[in-house]
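# Structural features, examined
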Amino acid sequence: MHNSIYDKRVRISDNVIRVLIYLSAFVSVAILVGIIGLVVIKGAPHLSWQLISTVSSSAKNTFGILGNIVNTLYIIVITLLIVTPLGVGGAVYLNEYAKGGKLVRAIEFTIETLSGIPSIIFGLFGMVFFGTVLKLGFSILTGALTLALMVLPIITSSTQVALKSVPESYRAGATGMGATKWYMIRTIILPSAMPGIITGIILGIGRIIGESAALLFTAGSSYYLVNDFFGHIFKPGGTLTIQLYLSMTKARYDQAFAVALVLIILVFVLNRITHIIANRMNKEKG
Amino acid sequence: MNKVLSIMINSKTKSRVEKTAEWIFKICALFALIAVVMMTGYMIYSGTPALLKVGIKEILFSNVWNPSAANPQYGILNIIFTSIVGSAGAILIGVPIGVLTAVYLSEVASSQMAKIVKPAVELLAGIPSVVYGLIGILLINPVMYKLELFFFKNDPTHQFTGGCNLLSAIIILAIMILPTVINISESAIRSVPKHLKSGSLALGGSQIQTIFKVILPAAKTGILSAIVLGVGRAIGEAMAIVLVSGNSVNLPLPFNSVRFLTTAIVSEMSYATGTHRQVLFTIGLVLFIFIMIINIILTKIIKSGDDQHA
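## Focus: the overall build of chain B
The helix and strand inventory of chain B stands at 12 helices and two strands. Counted from the first residue to the last, chain B has its helices and strands arranged as α-α-α-β-β-α-α-α-α-α-α-α-α-α. In terms of overall dimensions, chain B is more spread out than a globule: its C-alpha atoms have a radius of gyration of 26 Å, far above the 19 Å expected for 310 residues. Overall, the C-alpha framework of chain B stretches about 90 × 60 × 35 Å when taken along its three principal axes. The buried share of chain B, reckoned over its 310 residues, is 48%. Of the contacts made within chain B by residues no fewer than 6 positions apart, 72% connect residues no fewer than 24 positions apart.

Written as C-alpha cells, this is what we have:
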C-alpha cells in the first residue's frame, strides 16, 4: 500500500519552504504598503495649497515648495534636452550601424558601468568637473549636466530595447524600396521605436525626481523663485528631494512628510504613465 | 522637377548626408565611453593627492578619524569596514527575501496575485532614497533604541545612539536592494527552459523540489548577478542612511553609531577644506574602486553565463 504512487507523501520541508516563499512575498508588499501608508498619514495633514503655491518665508514663518518645484522642472527639462539626443543617437549607432568589434564592446561596457556608479560619485565628479573646471559653480546647469551622465544609460538601453523590437522586415522593406539608411532611420525605425524611447525618458524623469546625492554638491539647495528665465540656470537651485533632505536634517518632519507625499504622488503618476504606454505597445503588437 | 525626381543626380549629397549621420550617431555613442574615462581620470586625480600627502598607511590602514584636531588624523579603516559589513548585512537579509519573492512571482503566484505583487515591487524601486531615510528615522530608529536600552541597560561602557546604528542602516539597505534582487532573479528564473521543469515534475519531484533542485540551480548566473548588483546598490547608497546610521566613526558593530564611505562624503563635504577635503575625495576614490571591482565581477558572471548557454 505504501508503495502506491497515489499516496502523496507530505514533505514537511516542502511546507516550511512554501510558507517562507509566501512570507517573503508578503513582506515585500507589506513594506511598500507601510511606507506609502505612513507617508500619506503623516504627510496629508500638512499638504495644502499654500505649500505648493508659495516660497518659504522666514518673516511670515511659512513653508512652501513652489521654488523647489520650479527648480525640479528646470533640471528635468535641461537634463532631458542634453541626454535624449545623446542616448537615442548612441543607441541608434549601436543597433543600426555598429558591426561589433572592440569599440562597440567598450561602449557597451561603459554604459553598464555608468548605470552602476553610485550617485554620490556622480556628485563628486560633477562638482569638480562642471562646477570647478568648467567654472559653472553651484548651479542648476551643473546639476543638470551631472544628471545627464546618470540618466544616459537609462535612455540608451530603453532605446536599444525598442530598436531591437522593430521587425527586421521593416528594414528590409525600406532598403528594398531604395531608401537610404538615414532616411529609413528617420522615417521608419525611430517612429516605430518611439513608445520605447518615451518610456526611457519617463524612467529618466523618475530618476531625476528621486535624486539627491548627485545634486547636493552640484545644484545646491536654494529655494527662491525665478526672476530671470534663462539666467536662472546659472543660479543654484534645490529640487524637491533636496528640500526633503534639508527638512529632515532640521528635524522638521512635518515639512519632510508633506514633501515626501508630493514626491510619492509624482512617482506613482510616472509609474502609471509607463504602464499605459507599455500596454498600448503590447496591444499594437498583439 | 527632373532634378528632384532623379535618383542619380543627388547621389553625391545623399552619400554626404549618410556619412554625416553615421558620424553624429557614432559621437553620441562615444559619450558614455568619454564620460567613464573622464570620471575615472578625475576620481584618481582628486583622490590621490591626500594619499601622497598624508600617507597611504595613515589613511587606509588606520582607524583614527579626527580631521579637526590640532594634529589631524585621517584613518578611514573603520569607514571601509562599515561599508563592507553594512552591504554584507543588507545582502544577508535582502537576498533571501528577494529571491523567494522572485520564486513566488514566477512559479507560485496566481496571475491575480502577481498583478498585485509585481507593481508593488516596481513602485518600491521608484521611491526616492531620502524617503527611505525619513521612514528609517521615524520608524526603525525608535525600535532600535528600545532594543538598545534592553540590551545595554547594565553596560556603562556602551555609548547610547538613540537607535541611530549600523543595524538600522542595514535594514534600510536591505529594503532598498529588494527591487533589484527581485527583478533580476525573476527574469533569470523565467528564462530557465521549460523542459527542465517538466522533466523534474515528470520524474516525481514535488513543486518545491523542482524549484530548489532544478530551477534555481539553472538560474544560478542570473541570481548571482542580482546579488552582485545588490552589493553595488548597497555600497553606493548615501542619502537613505546618512541620518539613520548615527554618523560617528566607529567599529561596525550592530548597535554602534557608524559612518559609511558614502555618508562620510555627504556629511562633511559641505564644510571641509584643505587636506580634509582631499581625504574626502580619497574616500570617493576608494568607493569608486569598490564599484569598479563589482562591475568587473558582474561582467565576468554574465559572460560565463553566456558561455554556458552557447
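Moving on from the coordinates now.
## Re the overall build of chain A
Across its full length, chain A carries 11 helices and two strands. Along its sequence from the N terminus, chain A presents helices and strands in the succession α-α-β-β-α-α-α-α-α-α-α-α-α. Taking 19 Å as the expected radius of gyration for a compact globule of 286 residues, we find that chain A reaches 24 Å, considerably beyond that expectation. Counting only C-alpha atoms and orienting by the principal axes, one finds that chain A spans roughly 85 × 70 × 35 Å. Counting all 286 residues of chain A, 44% fall into the buried class. For chain A, the share of sequence-separated contacts (at least 6 apart) that also reach a separation of at least 24 residues comes to 75%.

## Considerations on the pairing of strand S2 (residues 62–65) of chain A
Residues and elements named next belong to chain A. Note that strand S1 (residues 55–57) and S2 share two bridges and pair antiparallel. Looking at the pairing, serine 57 lines up with threonine 62 of S2. Between S1 and S2, which pair antiparallel one after the other, the connecting turn spans four residues, and asparagine 61 there sits at a positive phi close to 55°.

## Topic: the interface of chain B and chain A
Of the residues lining the interface, 69 residues belong to chain B; the matching set on chain A comes to 68 residues. Those elements giving two or more residues to the side of chain B that touches chain A turn out to be helix H2 (11–54), helix H4 (77–108), helix H5 (111–126), helix H6 (129–151), helix H7 (166–190), helix H10 (220–236), helix H11 (261–268) and helix H12 (274–309) of chain B. Per-element tally for the side of chain B that touches chain A: the top contributor is H2(B), with 21 residues.

## Here's the deal with the packing of helix H10 (residues 240–249) of chain A against H6(B)
Their axes nearest at 10 Å, the elements H10(A) and H6(B) cross at an angle of 20°. One element, H10(A), and the other, H6(B), form an angle in the roughly parallel class. When you trace H10(A) past H6(B), the crossing you get is left-handed. Taken together, the residues of H6(B) that come into contact with H10(A) (itself represented by Thr241(A), Leu244(A), Tyr245(A) and Met248(A)) are Val130(B), Gly133(B), Leu134(B) and Ile137(B).

## Comments concerning the nonpolar core
By size, the foremost hydrophobic cluster in this structure holds 175 residues, and its most contacted members are Leu152(A), Ala260(A), Leu263(A), Val131(B), Ile172(B), Leu173(B) and Ile283(B). For this core, the element with the most residues is H7(B), which contributes 17 residues. Contacts of Leu173(B), omitting those with residues within four sequence positions, involve Gly86(B), Ala90(B), Ala234(B), Glu237(B) and Ile241(B).

## What about the confidence of the model for chain B?
Of the residues in chain B, 95% have a pLDDT of 70 or more, and the chain-wide mean is 90. Here the prediction assigns the complex a pTM of 0.91, and the interface score ipTM is 0.91.

## What to know about the environment of Arg186(A)
Residues and elements named next belong to chain A. Take arginine 186: it is sitting in helix H8 (residues 181–210). The class for arginine 186 is partly exposed, based on 13 C-beta atoms found within 10 Å. Considering only alpha carbons, one finds arginine 186 and valine 262, 76 residues apart in sequence, at a separation of 38 Å.

## Notes on helix H1 (residues 12–43) of chain A
Under the 1.5 Å per step criterion, the end-to-end length of H1(A) is 45 Å for 32 residues, consistent within 8% with the ideal 46 Å. All buried positions along H1(A) are accounted for by Ile21(A), Ser24(A), Ala25(A), Ser28(A), Ile31(A), Leu32(A), Ile35(A), Val39(A) and Gly43(A).

## What to know about the packing of H7(B) against H10(B)
Packed helices, taken two at a time, are described by their axes: the angle between them and the distance between them. Residues and elements named next belong to chain B. Where H7 meets H10, the axes come as close as 8 Å, and the angle between the chain directions of the two elements is 155°. What the angle tells us is that H7 and H10 run roughly antiparallel. As H7 packs across H10, the resulting crossing turns out to be right-handed. Taken together, the residues of H10 that come into contact with H7 (itself represented by Leu173, Met176, Ile177, Thr180, Val181, Ile184, Ser185, Ser187 and Ala188) are Gly222, Ile223, Ser225, Ala226, Leu229, Gly230, Arg233 and Ala234. Residues of the contact of H7 with H10, tallied by class, amount to 10 nonpolar, six polar and one charged.

## A short note on the domain arrangement of chain A
Residue and element names in this part refer to chain A. Domain annotation of chain A identifies domain 1 (12–46) and domain 2 (65–285). For domain 1 and domain 2, the distance between their C-alpha centres works out to 30 Å. If you look at the interface, domain 1 gives seven residues, while domain 2 gives seven residues. Tallied by class, residues from the side of domain 1 that touches domain 2 come to four nonpolar, two polar and one charged.

## Regarding the domain arrangement of chain B
All names here are of chain B. Taken domain by domain, chain B consists of domain 1 (2–48) and domain 2 (77–309). Placing a centre on the C-alpha atoms of domain 1 and another on those of domain 2 gives a separation of 39 Å. With four residues of domain 1 at the interface, the matching set in domain 2 holds five residues. Classifying every residue of the side of domain 1 that touches domain 2 gives two nonpolar, two polar and no charged.

## Considering the environment of Gly64(A)
Residue and element names in this part refer to chain A. Along the chain, glycine 64 turns up in strand S2. Judged by the 21 C-beta atoms lying within 10 Å of it, glycine 64 falls in the buried class. In sequence terms glycine 64 and leucine 51 are 13 residues apart; their C-alpha atoms lie 4.2 Å from each other. Setting aside residues up to four positions removed in sequence, glycine 64 forms contacts with Gln50, Leu51, Ser53, Thr54, Val55 and Ser56.

## Details of unusual backbone geometry
Residues and elements named next belong to chain A. Notably, lysine 135 is not glycine yet its phi reads approximately 60°, a positive angle. Within the secondary structure, lysine 135 sits in the loop between helix H5 (119–133) and helix H6 (140–164). Classification of lysine 135 by C-beta neighbours within 10 Å gives exposed; the count is 8. A positive phi angle, near 60°, is found at alanine 251, a position not held by glycine. Mapped onto the secondary structure, alanine 251 falls in the loop between H10 and helix H11 (253–285).

## Some remarks on the environment of Gly37(A)
Residues and elements named next belong to chain A. Along the chain, glycine 37 turns up in helix H1. Overall, the presence of 11 C-beta atoms within 10 Å leaves glycine 37 in the exposed class. Along the sequence, glycine 37 and isoleucine 140 sit 103 residues apart, while their C-alpha atoms lie 33 Å from each other.

Scoring rules and cut-offs
Residues numbered from 1 in each chain as written. Chains lettered and ligands numbered in written order. Predicted model: local features only at pLDDT ≥ 70, side-chain atom pairs only at ≥ 80, totals over all residues. Helix = DSSP H or I, 4+ residues; strand = E, 2+ residues; numbered from the N terminus. Rg over C-alpha atoms; globule rule 2.2 N^0.38 Å. Buried ≥ 20, exposed ≤ 12 C-beta atoms within 10 Å, placed from the backbone. Contact = placed C-beta atoms within 7 Å. Pairing = 2+ DSSP bridges. Axes fitted to C-alpha atoms, helices over the stretch in contact; angles between N-to-C directions. Parallel < 35°, antiparallel > 145°, perpendicular 65-115°, else oblique. Left-handed = near helix turned anticlockwise from the far one by under 90°. Core = buried A, V, L, I, M, F, W, Y, C linked by C-beta atoms within 7 Å. pLDDT = per-residue confidence, 0-100. Expected span 1.5 Å × (residues − 1). Nonpolar A, V, L, I, M, F, W, Y, C, P; charged D, E, K, R; others polar. Domains from an automatic or database assignment.

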